[in-house]
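Chain residues, written in single-letter form:
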Amino acid sequence: MKKDDHLFLVDGSGYIFRAYHALPPLTRKTDGLPVGAVSGFCNMVWKLLSEARDTSVGVTPTHLAVIFDHSSQTFRKDLYPEYKANRSAPPEDLVPQFGLIREATRAFNLPCIEMEGFEADDLIATYARQAEEAGAHTTIISSDKDLMQLVTDHVAMYDTMKDRRIEAAEVIEKWGVPPEKMIDLQSLTGDSTDNIPGVPGIGPKTAAQLLETFGDLDTLLQRAGEIKQNKRRENIIEFADQARLSRELVTLRTDAPVTDTPGDFLLEEQDGPRLIAFLKAMGFNTLTRRVAEATETDAAQIEPAEVAVEWGAAAHGPDLDAGDASDPSSATGIAGASDGWTPGDFAAARTKAAADVKIDHSGYACIRDAETLAAFIATARETGVVAFDTETTSLDAMQADLVGFSLAYQPQDAHSGASGPVKACYVPLSHKSGQDDLLGGGLAEGQIPIDAALSHLKDLLEDPSVLKIAQNLKYDWLIMKRYGIEVRGYDDTMLISYALDAGRGGQGMDALSDRWFGHKPIAYKEVAGSGKSAVTFDYVDIDKATAYAAEDADVTLRLWQVLKPRLAAEGVASVYERLERPMVPVLARMESRGIRVDRQILSRLSGDFAQGAAALEEEIQELAGEKFNIGSPKQLGEILFGKLGLPGGSKTKTGQWSTSAQVLEDLAAEGHELPRKIVDWRQLTKLKSTYTDALPDFINPETKRVHTSYALAATTTGRLSSSDPNLQNIPVRTAEGRKIRTAFVCEPGCKLVSADYSQIELRVLAHVADIDALKQAFADGMDIHAMTASEMFGVPVKDMPAEVRRRAKAINFGIIYGISAFGLANQLGIERSEASDYIKTYFQRFPGIKDYMDNTKAYAREHGYVETIFGRKAHYPDIATSNPHMRAFNERAAINAPIQGSAADIIRRAMVRMDAALEDAGLTARMLLQVHDELIFEVPEPEVDKTIGIVTDVMESASMPAVSMKVPLKVDARAADNWDEAH
DNA sequence: TAGAAAACGTA
DNA sequence: GTACGTTTTCTAG
């Protein structure tokens, strides 16, 4: 470097934290990736590079480097193991940004510097010193006081947020001492955020005054006896060694063994296309435009870069390698990791520690006044992590009223008992007094007015920098949304557990508590009663409610401590971050929108079905010769196979005659009249009771729409399930059943749009098993079942008999289900031996499928689980059982899971992106329902065509960029006035 | 009154 | 042959 050179050293790590807290949260439109700090960083760097002259930084750099912390394992930890031990860890939505900011640095064509064992500050000190020795000037882009000791007449600092240059005068103004005395000052004051001890009772003002009087730290410590104030004198004498240790910790190393020199950091021309590709990938439109202008690049011609995102894994960023700080729970007091631990070690330690802290209800508090609530929330906020749970009057989130809520920021330990600090609490809001039931129950005494309590709660729940933890958050999210609160910054223990342990048992709180702590929480029944004597939660005694509700928050927090570290350790962090957690608001919105159902249509159908069933009932009893309960399989079996002596097919496992549709169809085919009528009767009564009678009761009195509830963690494979009512099994196969779909309608001026994946599971199969013939067929848009038939039976596709195609279709489905000769024979009504021959032929024709199935079985047996193409695991703990029947069942399930599960993952990805994609396109279409491979939208009529385009695009590209499918995904979409016609 | 079994709707 | 949820009947307590 030369005399006139000017080196800029950007404190990258410092900037990340500052930008995160100072700037409004920002997420990438396409997938919700948090990018606020990245955006701030890019804007700041661009400003430094292009507009330096116009700002108070005052100079233009000739050399520039961005410096980062490598990890917390530095030489300072050797000096003082507690160094930074209490540091609050980065918030969840900052974690992925560490890697992105390094990417940004490279995209700007700037050196990205870090070194193991040293903090960014030491590297900055080293380079600044080297530059100074060469006679050049340095500007450190930071406002961190730890760097102020470096300020000289050749080294200044620059605060980008305040646009302010920091030189010796500014240091003196702020701290009362010149830069060269900053080390001594910090040695006395210490630093609570880095856990540097200093001398108790000495703050910056006192320290500056003492240094003014005594000159420097050594002199002060020697002559401490001269200090007049008793306490101050005693402290300085007693803690002199601590001050010297602190000095070692705060003194920056200027001799870090760096391999570059400042001269290597010569600023080069921007690589416009590369930078723009990155900015586009981040979705920074304004900056993209500016950079395009400045570099004379046509941004429209540039594809967004593929940027790898470390959503939760501990690959980058300060402290993330250490494990104990990789999530904010390090602040919760459970013993953390020591040096060199792997994430797995850490997770195991957490599990062990969790079982040791016993759950004790006596420490829970019931908070009944606003001041205490505010104080509790303030404490929780400092901790940065808080478990949250609502208590309401109903399991239906769309109808439930809030009764109270509970919070926990640490496990409530047993030792402190009732007199110790409160870490978990319940806040009753609308419990009834119970005395005046006749008057509808007055509000019980001693509850915070709900508006006041919710305003405190809102501050907490909507602050993304405080991590909220809930068990099944979607429910609480919907409740809070109805009270005008939108939860931001959250984890869901149910979903974490699901990502980790799908197939290993339930993910409900009671099951998890039992599994991890051997503890059974107070049962809901115990506080609210059951059956006829059950009451809604607002009639539960507040003391009982406190124990029950606070325990739920306490247990939820403990579960999070145990489960969260496992995500990274077991490689499913991205499954949780991308496929589970973002689904919470997506599904919550779908559920709260609901779908319009025409009560009149259902009512008319109910009448029709009732008439038809009554007529059949009469005929059936006529044929049977007596009145009996047709709905009773037991009585029916006795009539058919006992009294009438029809040839009884099979029996169920309890020894009863089977009267399944299959059996009755077979009898009907033999010419018997009665079974046919029973099948028809069953169809009508089924449609009536399950659909036309039941659905109207689900119409919400307020919204006049039907709001299903989606379960995110109910299946082993990753599919959703729907209940209350189940809208994923609305009839479609028969003409009678389809009539029910005509009752699913849209608002006037709108259309229902249904978009479904064509053959998605067979496409996934072609991809995972890598079958050339299948891939080719899909690429060519061929009829896949006809193609299969043609390959297997040598029949040309043209003018193929329907029966031949039907058999091939059954085989294709069979493959997906883990085919057995027994099952295929059943399905096709052929002999087992014939089915077996079909399978043999199929495997000869498509040997890759056989390989895939064998490999999947072997993998499942070795690992106990299988994976989807996005890394979701489905566990099969019984895969190696000695019971041949059970083992075969598990093997078929294990073969099916990657196929069904990958398809489920794909539509999840589409759903996560859908709302933003529609909004970006200026559309107001609303996604209402998901039926495994189908999405249903309500769309204003003028927007229909454009919506179909966007929806199709998002769905067909849903696997990208994570997985590039070897087979195209195809989506069919159409619009109509009801679901029957749209489908 | 709670839970299992049988049946049947969907992808 | 895979994955679910709901209804009705029937049994055990």
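As the structure is a computational prediction, the values presented were derived from the model and not from experiment.

With that out of the way, let us pick up the overall build of chain A. From N to C terminus, chain A includes 38 helices and 23 strands. Residues counted as buried form 54% of the 983 residues belonging to chain A. Long-range pairs, those at least 24 residues apart, make up 68% of the contacts in chain A between residues at least 6 apart in sequence. Split by element, the accessible area of chain A, about 42,000 Å² in all, is 49% carbon and sulfur. Of the charged side chains in chain A, 105 are positive and 145 negative; the average position of the first set lies 4 Å away from that of the second.

Attention now goes to helix α11 (residues 240-250). All buried positions along α11 are accounted for by Ala240, Ala243, Ser246, Leu249 and Val250. Here the buried face of α11 lies against α3 (75-79), α7 (182-189), α9 (217-222) and α10 (230-238).

On to the sheet that holds strand β7 (residues 365-366), then. As summarised here, the arrangement of the six strands in space is β7-β10-β9-β8-β11-β12, forming an open sheet in which the pairing is mixed. Each edge of the open sheet is held by one strand with a lone partner, namely β7 and β12 (490-492). On top of the sheet, helix α21 (residues 542-569) reaches β7, β8 (385-392), β9 (402-408), β10 (424-428), β11 (467-470) and β12; it is set at about 140° to β8, its chief contact.

The subject of this paragraph is the protein's contact with DNA strand C. Lining the immediate surroundings of DNA strand C are 32 residues, of which Ser632, Ser721, Asp724, Ala810 and Phe822 lie closest. The sugar and phosphate moieties of DNA strand C supply 74% of its atoms located within 4 Å of the protein. Taking Asn726, its side chain carries an N or O atom lying 3.0 Å from a sugar or linking oxygen of DNA strand C. Between DNA strand C and Arg892 there is a distance of 3.0 Å, counted from a phosphate oxygen to a side-chain nitrogen or oxygen. Considering each element in turn, the surface near DNA strand C owes the most residues, five residues, to helix α36 (residues 884-920).

For any two helices packed against each other, the geometry is given by the interaxial angle and the distance between the axes. Between helix α15 (residues 370-383) and helix α16 (residues 450-461), whose axes approach to 10 Å, the crossing angle comes to 5°. Our classification of the angle between α15 and α16 gives roughly parallel. Taken together, the residues of α16 that come into contact with α15 (itself represented by Ala370, Leu373, Ala374, Ile377 and Arg381) are Ala453, His456, Leu457, Asp459 and Leu460. Partitioned by chemical class, the residues of the contact of α15 with α16 number seven nonpolar, one polar and two charged.

Now for the sheet that holds strand β3 (residues 112-113). Two modes of strand pairing occur in sheets, parallel and antiparallel, and in both the strands are linked by backbone hydrogen bonds. As summarised here, the arrangement of the six strands in space is β3-β2-β1-β4-β5-β6, forming an open sheet in which the pairing is mixed. Each edge of the open sheet is held by one strand with a lone partner, namely β3 and β6 (164-166). Looking at chain direction, strand β2 (residues 63-67) and β3 are connected through two bridges and run parallel. Looking at the pairing, Val66 lines up with Cys112 of β3. Helix α5 (residues 120-133) rests against β1 (6-11), β2, β3, β4 (137-141) and β5 (155-159) of the sheet, and its axis sits at about 175° to β1.

Moving on to the environment of Ser959. Looking at the element boundaries, Ser959 is found in the loop between α37 (944-956) and β23 (971-976). Overall, the relative accessible area of 2% leaves Ser959 in the buried class. A sequence separation of 419 residues divides Ser959 from Val540, and the C-alpha atoms of the two residues are 48 Å apart. Not counting the four nearest positions on each side in its chain, Ser959 is found in contact with Phe870, Arg909 and Met965.

Here we take up unusual backbone geometry. Residue Asp724 is joined to Pro725 through a cis peptide bond whose omega torsion reads -5°. Within the secondary structure, Pro725 sits in the loop between β16 (721-723) and α28 (735-741). The omega torsion across Met960 and Pro961 is -5°, close enough to zero to call that bond cis. In the Ramachandran plot, Asn472 falls in the positive-phi region, its phi being about 60° despite a non-glycine side chain. With respect to the secondary-structure elements, Asn472 resides in the loop between β11 and α17 (473-482). Mapped onto the secondary structure, Asp724 falls in the loop between β16 and α28.

Moving on, we get to the protein's contact with DNA strand B. Near DNA strand B you find 24 residues, and of these Thr652, Thr654, Lys686, Val732 and Arg733 are the closest. Atoms of DNA strand B within 4 Å of the protein belong to the sugar or the phosphate in 78% of instances, the rest to bases. Measuring from a sugar or linking oxygen of DNA strand B, one finds a side-chain N or O atom of Tyr691 at 3.5 Å. A distance of 3.0 Å separates a base nitrogen of DNA strand B from a polar side-chain atom of Asn729. Examining the composition of the surface near DNA strand B, we find that three residues originate from one element, helix α27 (residues 673-692), more than from any other. In terms of residue class, the surface near DNA strand B is made up of seven nonpolar, ten polar and seven charged.

Take helix α22 (residues 573-580) next. With respect to burial, α22 is a largely interior element, six of its eight residues being buried. Where α22 is concerned, the buried positions are Ala573, Val575, Tyr576, Glu577, Leu579 and Glu580. Where the residues of α22 are buried, they touch β12, α18 (493-501), α21, α23 (583-593) and α36.

Note on aromatic pairs: each is described by the distance of the centres and the angle between the planes. Using the criterion set out here, one finds 17 aromatic pairs in the structure. When the ring of Tyr426 is compared with that of Phe537, the centres are 6.4 Å apart and the planes differ by 80°; the resulting orientation is edge-to-face. Linking Tyr426 in strand β10 with Phe537 in the loop between α20 (524-528) and α21, this pair joins segments that are 111 residues apart in sequence. With relative accessibility at 0%, the residue Phe537 sits in the buried group. Clustering of aromatic rings is evident, with ring pairs tying together Tyr426, Tyr524, Phe537 and Tyr548. When the ring centre of Phe75 is taken as origin, the NZ or CZ atom of Arg253, which lies over that ring, is 4.6 Å away. Taking NZ or CZ as reference, Lys873 lies 4.7 Å from the ring centre of Tyr865, over its face.

Confidence in the prediction of chain A, expressed as mean pLDDT, is 89, and 94% of residues score 70 or more. With pLDDT under 50 throughout, residues 313-340 is counted as low confidence; its partners more than four residues away or in other chains account for 74 contacts.

Looking at the secondary structure, you find Thr105 in helix α4 (residues 95-107). Setting aside anything within four residues of it in sequence, one finds Thr105 in contact with Phe41, Val66, Phe68, Leu110, Pro111 and Cys112.

Segmenting chain A into domains produces domain 1 (6-168 + 253-288), domain 2 (359-559), domain 3 (596-706) and domain 4 (715-771 + 846-983). Between the C-alpha centres of domain 2 and domain 3 there is a distance of 45 Å.

Attention now moves to the nonpolar core. Among the nonpolar cores identified, the biggest contains 188 residues, and Leu407, Tyr757, Ile849 and Met911 are the most heavily contacted of them. Tallying contributions element by element places α36 first for this core, with eleven residues. If we ignore the near neighbours within four places in the chain, the residues touching Met911 are Met583, Val586, Leu587, Met590, Leu720, Met927, Gln930 and Leu935. The next biggest cluster of nonpolar side chains, apart from the first, holds 50 residues, and it includes Phe75, Leu220, Ile227 and Ala256.

Criteria and cut-off values
- Every chain is numbered independently, its residues counted from 1 as its sequence is written.
- In the order they appear in the text, chains get letters beginning with A and ligands get numbers beginning with 1.
- Only residues with pLDDT of at least 70 get local features here, since the model is predicted, and only at 80 or more are side-chain atom pairs given and counted; chain-wide, interface and lining totals rely on the full set of residues.
- For the side-chain quantities, the full set of heavy atoms in the structure was used; hydrogens and water were omitted.
- Only DSSP runs of H or I reaching four residues or more are called helices, and only runs of E reaching two or more are called strands; each is numbered from the N terminus.
- The rule is simple: take the accessible area with a 1.4 Å probe, protein chains only, and divide by the maximum for that residue type; under 20% is buried, over 50% is exposed, in between is partly exposed.
- Only heavy atoms matter for contacts: two residues are in contact if any of them lie within 4.5 Å across the pair.
- Method for areas: the Shrake-Rupley scheme with a 1.4 Å probe, in which residue coverage is limited to the protein chains shown.
- The charged-residue count follows a simple rule in which Lys and Arg add positive charge and Asp and Glu add negative charge, with His and chain termini not counted at all.
- To locate a charge, the coordinates of NZ of Lys, CZ of Arg, CG of Asp or CD of Glu are taken.
- For two strands to pair, DSSP has to find at least two bridges joining them.
- Helix axes are fitted only over the stretch in contact, all axes being lines through C-alpha atoms; the angle between N-to-C directions runs from 0 to 180 degrees.
- Each residue is tested against the molecule or strand, and it is near if at least one of its non-hydrogen atoms lies within 4 Å.
- Whenever a nitrogen or oxygen atom comes within 3.5 Å of another N or O atom, the pair is scored as a polar contact, on the condition that within protein one atom can donate a hydrogen and the other can accept it, and that pairs from neighbouring residues in sequence are kept only if both atoms are in side chains.
- Our angle categories are set so that under 35 degrees counts as roughly parallel, over 145 as roughly antiparallel, 65 to 115 as roughly perpendicular, and the remainder as oblique.
- Charged residues are taken to be Asp, Glu, Lys and Arg, nonpolar residues to be Ala, Val, Leu, Ile, Met, Phe, Trp, Tyr, Cys and Pro, and polar residues to be all remaining types, Gly included.
- When the centres of two rings from Phe, Tyr and Trp lie within 6.5 Å, Trp using its six-membered ring, the rings pair. Their planes under 30 degrees apart give stacked, over 60 give edge-to-face, and anything left gives tilted.
- A positively charged side chain is recorded as over a ring if its NZ (Lys) or CZ (Arg) lies within 6 Å of the ring centre. The angle to the ring normal must also be within 35 degrees.
- What pLDDT reports is the predictor's confidence in each residue, on a scale of 0 through 100.
- Domain start and end points were adopted from an automatic or database domain assignment.
- For this analysis, a nonpolar core means a set of buried residues of the types Ala, Val, Leu, Ile, Met, Phe, Trp, Tyr and Cys, connected via side-chain atoms within 4.5 Å.

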